[in-house]
Protein chains: 2
Amino acid sequence: MGKVRENLAECSLPAALESMGERWAFLILRAAFNGLHHFEEFQQELGIARNILANRLARFVEHGIMERASVPEDRRKIVYNLTPKGSALLPTMIALRQWGERWETGEPAFPILVDVRDGRPIQEVAVLSHDGRKLSKHDLHWALPGDVPVDTPAA
Amino acid sequence: MGKVRENLAECSLPAALESMGERWAFLILRAAFNGLHHFEEFQQELGIARNILANRLARFVEHGIMERASVPEDRRKIVYNLTPKGSALLPTMIALRQWGERWETGEPAFPILVDVRDGRPIQEVAVLSHDGRKLSKHDLHWALPGDVPVDTPAA
DNA sequence: TATATAGGTTTTATAATAAAACTCGCAAAT
DNA sequence: ATTTGCGAGTTTTATTATAAAACCTATATA
């Protein structure tokens, strides 16, 4: 139990925050998810200072969240694209956005995100148990290696 | 289509970031989820500067993320507790933590979070369609009011 | 009554952010 | 072929946020 509290400091939230905890990080990411690719696009959409934007993009590239490539057809242009690692931040970003909708702005803000296949709204991002029950903070518990039941197949 | 891009700036991510976008915000929140309640506990656990901690806690209270109450048994003491609004940040926080585990630190970091009922690890936080399919960014689309099919019950 | 504790505030130093002007390589127009 | 303009930054200077340390006040404990 004391062992749990001791190890808690080593959860990977601090590591995640190294790249995402800075101001503008989430907003640049959102813009990237919305299809922006170029320095000037980010700058004009967000109104961020150019030096800060340059710094953030460089940091994203360093951390493998975006990749930077020059466009052959117009060699002035650079494209920034989300890597798989960057794309993997989608649940985090949508969870934060949904929280903002529910608790800051007020529910039905348009446009809303829908499944492209059937046009229906996505679910609220939630913490789920292995069998799909929605979990709150009271349903959670920290476990050390020995305590965790291994998912043993029947055969 | 231009209408979608136009409205995009008004998604609630910026509103959410007003309280959560500052340095230390997620780490204080994590500590609160882990059962810390007092100023000195936060300070010692995180090593954050006292003035910054005071500022963050006050901000959380202002934004309704935590509530501040004094303890009757010892009137020096103050407890900070997560409100429902604060607790609702759990999916965001766990999503970010899981991302850090997967892409920054490397998978099996202990202790891990398990369902208190059966002791089994929780699922990865994901974006799901209305019928539970896992969605990536390519499966998502912005929709304006008219485009969204309403969930019409049969009767 | 003296001493320690909890939860801050104040002061001062340092680092991050912002606004504006500037640079440099390339492309397009004249 | 030269000028003009664009894309992607950098530099400079001003402002704001963060940090470390000392200090303060009300309460509790010895």
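Residues numbered from 1 in each chain as written. Chains lettered and ligands numbered in written order. Predicted model: local features only at pLDDT ≥ 70, side-chain atom pairs only at ≥ 80, totals over all residues. Heavy atoms only, no water.

Colleague: So what's going on with the overall build of chain A? Residues and values would help.
Modeller: Within chain A, the regular secondary structure consists of seven helices and four strands. Traced from its N-terminal end to its C-terminal end, chain A shows the element sequence α-α-α-α-α-β-β-α-α-β-β. Scored against the burial criterion, the 155 residues of chain A give a buried share of 46%. For chain A, the exposed area adds up to about 8200 Å²; of that, 50% sits on carbon and sulfur atoms. (Helix = DSSP H or I, 4+ residues; strand = E, 2+ residues; numbered from the N terminus. Buried < 20%, exposed > 50% of the residue type's maximum accessible area, 1.4 Å probe, protein only. Areas by Shrake-Rupley, 256 points an atom, 1.4 Å probe, with all protein chains shown as cover.)

Colleague: Any details on the interface of chain A and chain B? Residues and values, ideally.
Modeller: With 80 residues of chain A at the contact, the number on the chain B side is 81 residues. It is Trp99(A), His130(A) and Trp142(A) in chain A that bury the most area against chain B; as a group they hold 9% of the surface buried on that side. The interface formed by chain A and chain B includes six salt bridges. Note that Lys85(A) and Glu104(B) form a salt bridge whose closest N and O atoms lie 2.9 Å from each other. At the boundary of chain A with chain B, the tally comes to 30 residue pairs in polar contact (both at pLDDT 80 or more). Among the secondary structure elements, those contributing two or more residues to the side of chain A that touches chain B are helix 1 (2–8), helix 2 (13–20), helix 3 (25–33), helix 6 (84–87), helix 7 (90–105), strand 3 (112–115) and strand 4 (140–143) of chain A. When residues of the side of chain A that touches chain B are assigned to their parent elements, the largest contribution, 14 residues, is made by helix 7 of chain A. Of the residues belonging to the side of chain A that touches chain B, the class tally is 47 nonpolar, 18 polar and 15 charged. As judged from the four bridges shared by strand 3 of chain A and strand 4 (residues 140–143) of chain B, these two strands associate in the antiparallel manner. Considered in strand 4 of chain B, the bridge of Asp115(A) is made with Leu140(B). (Contact = heavy atoms within 4.5 Å. Buried area = accessible area lost by both parts, 1.4 Å probe. Salt bridge = Lys/Arg side-chain N within 4 Å of Asp/Glu carboxyl O. Polar contact = N/O pair within 3.5 Å; in protein donor to acceptor, adjacent residues only side chain to side chain. Nonpolar A, V, L, I, M, F, W, Y, C, P; charged D, E, K, R; others polar. Pairing = 2+ DSSP bridges.)

Colleague: Which residues make up helix 7 (residues 90–105) of chain B, and what values do they have?
Modeller: Residues and elements named next belong to chain B. Burial analysis of helix 7 places 12 of its 16 residues in the buried class, the great majority of the element. Residues Leu-90, Pro-91, Thr-92, Met-93, Ile-94, Ala-95, Leu-96, Arg-97, Gln-98, Trp-99, Gly-100 and Glu-101 constitute the buried set of helix 7. Phi for Gly-106, located one or two positions after helix 7, is positive at around 110°.

Colleague: Which residues make up unusual backbone geometry, and what values go with them?
Modeller: Residue and element names in this part refer to chain A. Here Trp-24, not a glycine, exhibits a phi torsion of approximately 80°, which is positive. Structurally, the position occupied by Trp-24 is in the loop between helix 2 and helix 3. Taking relative accessible area as the criterion, Trp-24 reaches 27% and is therefore assigned partly exposed.

Colleague: How would you summarise the protein's contact with DNA strand D if you had to cite specific residues and measurements?
Modeller: In the neighbourhood of DNA strand D, 20 residues make up the surrounding shell, with Arg50(A), Tyr80(A), Trp24(B), Arg56(B) and Arg75(B) lying closest. In the model, a phosphate oxygen of DNA strand D is placed 3.1 Å from a nitrogen or oxygen of the His38(A) side chain. Here a phosphate oxygen of DNA strand D and a backbone polar atom of Ile78(A) are 2.8 Å apart. Listing elements by their share of the surface near DNA strand D, those giving two or more residues are helix 4 (39–46), helix 5 (50–62) and strand 2 (78–82) of chain A together with helix 5 (50–62) of chain B. When grouped by side-chain class, the residues that make up the surface near DNA strand D number seven nonpolar, three polar and 10 charged. (Near = heavy atom within 4 Å.)

Colleague: Outline the environment of Ile122(B), supporting the account with residue identities and numerical values.
Modeller: For Ile122(B), the position within the fold is in the loop between strand 3 (112–115) and strand 4. Look at Ile122(B) and you get buried, because its relative accessible area is 14%. Along the chain, Ile122(B) and Ile112(B) lie 10 residues apart, while their C-alpha atoms are 8.8 Å from each other. Excluding residues that lie within four positions of it along the chain, Ile122(B) makes contacts with Val127(A), Leu128(A), Leu135(A), Leu140(A), Ile94(B), Gln98(B), Leu113(B), Val114(B) and Asp115(B).

Colleague: Provide a residue-level description of the relation of the copies chain A and chain B, including the pertinent values.
Modeller: Aligned on chain B, chain A shows an RMSD of 0.0 Å; the corresponding rotation is 180° and the shift along the axis is 0.0 Å. Viewed as a symmetry operation, the transformation between the two copies matches a two-fold axis. Identified as the residue of chain A closest to the rotation axis by C-alpha distance is Thr92(A), at 2.6 Å. The residues that chain A uses at the interface reappear at the interface of chain B in 100% of cases, marking a shared surface. (Least-squares fit on C-alpha atoms with pLDDT ≥ 70 in both.)

Colleague: Give me the protein's contact with DNA strand C: which residues, what numbers.
Modeller: Taken together, 22 residues are adjacent to DNA strand C, and Trp24(A), Arg56(A), Glu40(B), Arg50(B) and Tyr80(B) come closest. In DNA strand C, atoms within 4 Å of the protein come from the sugar-phosphate backbone in 65% of cases. Measuring from a base oxygen of DNA strand C, one finds a side-chain N or O atom of Arg76(B) at 3.1 Å. Here the element with the most residues in the surface near DNA strand C is helix 5 of chain A; it accounts for four residues. Considering only residue class, the surface near DNA strand C consists of seven nonpolar, three polar and 12 charged.

Colleague: I'd like a description of the packing of aromatic side chains, backed by residues and values.
Modeller: In this description, an aromatic ring pair is defined by two values, namely the gap between the centres and the angle between the planes. According to the stated counting rule, one finds zero aromatic pairs over all chains in the structure shown. A cation over a ring is seen here: Arg102(A) above Trp103(A), with NZ or CZ 4.0 Å from the ring centre. (Phe/Tyr/Trp six-rings, centres within 6.5 Å; stacked < 30°, edge-to-face > 60°. Lys NZ or Arg CZ within 6 Å of the ring centre and 35° of its normal.)

Colleague: Describe in detail the packing of helix 4 (residues 39–46) of chain B against helix 5 of chain B, supporting the description with residues and values.
Modeller: All names here are of chain B. Relative orientation of the contacting elements helix 4 and helix 5 amounts to 125°, with a least axis distance of 10 Å. Judged by the inter-axis angle, helix 4 sits oblique to helix 5. Helix 4 and helix 5 meet at a crossing whose hand is right-handed. In contact with Phe-39, Glu-40, Phe-42 and Gln-43 of helix 4, helix 5 contributes Arg-50, Leu-53, Ala-54 and Leu-57. (Axes fitted to C-alpha atoms, helices over the stretch in contact; angles between N-to-C directions. Parallel < 35°, antiparallel > 145°, perpendicular 65-115°, else oblique. Left-handed = near helix turned anticlockwise from the far one by under 90°.)

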